[in-house]
Amino acid sequence: MFIHNFKYSLKTLFKDKILIFWTFMFPIILGTLFSLAFSNIEDSEKLKVIDIAVVDNGNVVFKNVFDSLSDEDSDDRLFNVRYVSEEEAIKLLESEKITGYVLAQVKPKVVVSNNGINETVLKYVVDEIIEYQSIVSNFLASSMHEIRLEDIQMSEFVLDIYSEVSKKMNEEVNIHDISSENLSYTMIEFYTLIAMTCLYGGIFAVVSINNTLANMSFKGARVSVSPTSKKIVILSRLLASYVIQLLGLVILFLFTIFVLDVDYGNDLSLVVLTSLVGSLAGLSLGVFVSSIFKSSENTKTSILIAFTMAGCFLSGMMGITMKYVVDSKAPILNKINPAAMITDAFYSLYYFTTRDRFWFNIISLVIFSVILIVVSIFSLRRQRYDSI
Amino acid sequence: MKKVIEVSNLTKEYKSVRAVNDISFDVYEGEIVGLLGPNGSGKSTTINSILSLLSFSKGSIKIFGEEMSPNLYEVKRNIGVVFQDVAVFDELSVLENIDYFCGLYIKDKSVRKEYVEDAINLVGLLDFKKFYPKQLSGGLLRRLNIACGIAHKPKLIFLDEPTVAVDPQSRNNILDGILKLRSEGATIIYTTHYMEEVEILCDRIIIMDKGSIIASGTSDELKELANIEEKVSVHISELSDEVIEKIKSLKNVEEVNYNGDVLVVIYKKGEDNLVKLMDFLSKNKIRYDKIFSERPTLNDVFLELTGKELRD
Ligand SMILES: Nc1ncnc2c1ncn2[C@@H]1O[C@H](COP(=O)(O)OP(=O)(O)O)[C@@H](O)[C@H]1O
Ligand SMILES: [Mg+2]
């Protein structure tokens, strides 16, 4: 009975042209458009050097990094850095001589006055350095028995070691070199594209559930009057949905990797895990929308698509700036936005060498899915309805 | 005779409407029972309550002697349902659709193959096996809908308005199919608002209106309730009020209606009413095109019982 349902489910879902368009074709079309649009932006942005100021409050790592990024002899020159006092920095920012300034202290801070690509790049670089610093400090902590970063910075002597270690780390740890070449802020758009596809996959679950519940469709009523348990029908159909969802994702991955040159980092197994969990979130979303709302299949599909689009927009689909705005101004949105979780998981896989942020996203996605499924189960379990 | 369905005091309310109001009836093995009533009279609600799809406020339903419940798989295995709306997969062919739904009942593949063939033959879709629902006309689609519901050879079949908006050819095919299913031993519950169908098809008729059963019995038994004996219709293009008054005073005449085209004379009882009316017309030199006599219909019964027409 399971196999029978599974087989026919695959067949019906695959042949549904509208579903296949949204989940297989649309992301590829969108990805192609992105890459066309961004190839222009990136070319024009590449040569620009960003004017910034650094208020040096004794964070050596910061100084090192900014020095190397503003090396005039380097092709990868990203910044034009001035080292100034905080008052001066504020003045420079007000007169728009600089994009922003960095307070290079124990807890570094970026101050900008606008939101744009340049500001985003600056913030990104600082994020990266902080991340890098924590790796160093972890490294030190493990090799020097629990000496905290703050303590280290106290003494001149340790400072030396610190910069020595930093240099070493630069060679040993494969932290991304921050250069205008590698700093592709369009990568995030492609990650949102994957997130979108994961969530769009929920459409298959919408259709599957709609066709299984007696209060949603007469096809569902047929299932309900048959001697086959609804549990089996639901599980087999959802498994079929999941399989097709993943297939769509595989195609998109192949397309983005081989045609659009998108880089997902080196850890393939974690990329796969993110896809599996991301698709699960999409599936749960589909199950939820389909079992909770009593409306036509089209309406439900539209709800799912609208939610996904809004989610992807907030995670930076139309520009990484949006992601920063949400991250800093309304982080709560990221807690309920699976698109942000998926995007951020890929983002942290690619940009960060530590995995804390990655796992946080994965766990968030799992929690998101479990909550939706549990809520849906109450509705799915019903056998008799007040009205059909 | 064995009771297949026992419905006692079934009452079902939607939020504000009492759709089924304290109805009780039994269905016996091998019968075709017709549930006849205008749209909104509660037929579908009754069927869906019997099938445990709807929760209901009062009453009990027994099928094959067992209190019906959603988990009664052994009972459900022997039930076939054709819902009022077409419910098939657009992405599957005729053959696949039937095979899919049959597969919810029959595990064995070779048995299923045979059953699916039988169902296709029964509804006459042999030439359309590979067609997709979108390619079928309304009538053929209805036939597919029926095949999907009965392919597993159930002992008890529910058909909810299976002939709505169907061309005459498909309608005949469907009615023939239903008679064939009965001859193979199935018990059938058939809902419709077409009185002609229940007259042709049903051994027993239950007439519903506004959620209640207002009469039940065989077609002949019900017609006794109509309280009229004969209805003569005459096509006349012109008729004076004076003549109409004269006709009203003829023997046995109960009621006379003239709409400028057709004269309808209703008789309560008596014999040779038609001949006597023809005599009267020729004596008065009234020319007419067509004249015929009818026995009362179920519509007349409905009219008598509710004061309104069955057809809306
Ligand atoms: N889902 C529903 N919610 C509220 N009222 C309903 C619903 N379904 C049917 N009704 C009402 O219940 C009554 C009986 O409907 P139904 O059983 O569909 O009649 P029939 O099948 O004889 O046309 C009607 O008045 C109808 O408007
Ligand atoms: Mg109905």
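Note that the structure is predicted; figures quoted are calculated from it, not measured.

Re the overall build of chain A
Reasoning step 1: Of the regular secondary structure elements, chain A holds 17 helices and four strands.
Reasoning step 2: A burial count over chain A gives 53% of its 388 residues as buried.
Reasoning step 3: Once local pairs closer than 6 in sequence are excluded, the contacts in chain A between residues at least 24 apart make up 75%.
Reasoning step 4: Per element, the accessible surface of chain A, about 17400 Å² overall, is 62% carbon and sulfur.

Concerning the overall build of chain B
Reasoning step 1: The secondary structure content of chain B amounts to 11 helices and 14 strands.
Reasoning step 2: By its C-alpha atoms, chain B is 75 × 45 × 40 Å across when sized along the principal axes.
Reasoning step 3: Sequence-distant contacts, at least 24 apart, represent 67% of the contacts inside chain B between residues at least 6 apart.
Reasoning step 4: Surface summary for chain B: the accessible area is close to 14400 Å², and the carbon and sulfur share equals 47%.
Reasoning step 5: Measuring between centres, the 41 positive side-chain charges of chain B sit 3 Å from its 50 negative side-chain charges.

Comments concerning the pattern of salt bridges
Reasoning step 1: Within the structure shown, the criterion is met by 18 salt bridges over all chains.
Reasoning step 2: Among the ionic pairs, R18 of chain B bridges to E13 of chain B, the shortest N-O distance being 2.5 Å.

Some points on the confidence of the model for chain B
Reasoning step 1: Mean pLDDT over chain B: 91, with 99% of residues reaching 70 or higher.
Reasoning step 2: Quick note on the complex model: pTM equals 0.78, ipTM equals 0.85.

Digging into the site of ligand 1
Reasoning step 1: Surveying the vicinity of ligand 1 reveals 13 residues, the closest of which are G40, G42, K43, S44 and T45 of chain B.
Reasoning step 2: The local environment of ligand 1 is shared, drawing residues from chains A and B.
Reasoning step 3: At 2.7 Å, a backbone N or O of G40 of chain B approaches an oxygen atom of ligand 1.
Reasoning step 4: With respect to ligand 1, the backbone of S41 of chain B contributes an N or O atom lying 3.2 Å from an oxygen atom.

Points about the domain arrangement of chain B
Reasoning step 1: The assigned domain composition of chain B is domain 1 (3-224) and domain 2 (228-295).
Reasoning step 2: Distance between the C-alpha centres of domain 1 of chain B and domain 2 of chain B: 42 Å.

Regarding the sheet that holds strand β9 (residues 204-209) of chain B
Residues and elements named next belong to chain B.
Reasoning step 1: Read from one edge of the open sheet, six strands run β6-β7-β8-β3-β9-β10, paired in mixed fashion. Every other strand in the sheet has two partners, leaving β6 (79-82) and β10 (212-217) as the edge strands with one partner each. Shown here is a sheet whose adjacent strand axes are inclined to one another by a mean of 15°, direction ignored.
Reasoning step 2: In this sheet, strand β8 (residues 187-192) lies alongside strand β7 (residues 156-160) in parallel orientation, the contact comprising five bridges.

Thoughts on the packing of helix α8 (residues 187-200) of chain A against helix α16 (residues 338-351) of chain A
Between two packed helices, what matters for the description is the angle formed by their axes and the separation of those axes.
All names here are of chain A.
Reasoning step 1: In contact at an axis separation of 8 Å, α8 and α16 are set at 135° when each is read in the N-to-C sense. The orientation of α8 with respect to α16, classified from their angle, is oblique. Two packed elements cross with a definite hand, and for α8 against α16 that hand is right-handed. In contact with M187, I188, Y191, T192, I194, A195, C198 and L199 of α8, α16 contributes P338, A339, I342, T343, F346, Y347, Y350 and Y351.
Reasoning step 2: Its residues assigned to classes, the contact of α8 with α16 shows 14 nonpolar, two polar and no charged.

Details of the interface of chain A and chain B
Reasoning step 1: Taken together, the contact between chain A and chain B spans 30 residues of the former and 37 residues of the latter.
Reasoning step 2: For the chain A and chain B pair, buried surface summed over both sides reaches about 3300 Å², with 59% attributable to carbon and sulfur atoms.
Reasoning step 3: Here E96 of chain B makes a salt bridge to K11 of chain A, at a shortest N to O gap of 2.8 Å.
Reasoning step 4: The interface formed by chain A and chain B includes 19 residue pairs in polar contact (both at pLDDT 80 or more).
Reasoning step 5: Broken down by secondary-structure element, the contributors of at least two residues to the side of chain A that touches chain B are α1 (2-15), α10 (218-225) and α11 (230-259) of chain A.
Reasoning step 6: The element best represented in the side of chain A that touches chain B is α10 of chain A, accounting for seven residues.
Reasoning step 7: Within the side of chain A that touches chain B, the residues separate by chemical class into 11 nonpolar, 10 polar and nine charged.

Considerations on the packing of α11 of chain A against helix α12 (residues 268-292) of chain A
All names here are of chain A.
Reasoning step 1: In the contact formed by α11 and α12, the axes pass within 10 Å of each other and the chain directions differ by 135°. On the basis of their axis angle, the class for α11 and α12 is oblique. The two elements α11 and α12 meet at a crossing, and its hand is right-handed. Along its contact with α11, which presents L238, S241, Y242, Q245, L246, L249 and F253, the element α12 presents V271, S275, L276, V277, S279, L280, G282, L283 and V287.
Reasoning step 2: Counted by class, the contact of α11 with α12 contains 11 nonpolar, five polar and no charged residues.

Parameters and conventions
Residues numbered from 1 in each chain as written. Chains lettered and ligands numbered in written order. Predicted model: local features only at pLDDT ≥ 70, side-chain atom pairs only at ≥ 80, totals over all residues. Heavy atoms only, no water. Helix = DSSP H or I, 4+ residues; strand = E, 2+ residues; numbered from the N terminus. Buried < 20%, exposed > 50% of the residue type's maximum accessible area, 1.4 Å probe, protein only. Contact = heavy atoms within 4.5 Å. Areas by Shrake-Rupley, 256 points an atom, 1.4 Å probe, with all protein chains shown as cover. Lys, Arg positive; Asp, Glu negative; His and termini not counted. Charge placed at Lys NZ, Arg CZ, Asp CG, Glu CD. Salt bridge = Lys/Arg side-chain N within 4 Å of Asp/Glu carboxyl O. pLDDT = per-residue confidence, 0-100. Near = heavy atom within 4 Å. Polar contact = N/O pair within 3.5 Å; in protein donor to acceptor, adjacent residues only side chain to side chain. Domains from an automatic or database assignment. Pairing = 2+ DSSP bridges. Axes fitted to C-alpha atoms, helices over the stretch in contact; angles between N-to-C directions. Parallel < 35°, antiparallel > 145°, perpendicular 65-115°, else oblique. Left-handed = near helix turned anticlockwise from the far one by under 90°. Nonpolar A, V, L, I, M, F, W, Y, C, P; charged D, E, K, R; others polar. Buried area = accessible area lost by both parts, 1.4 Å probe.

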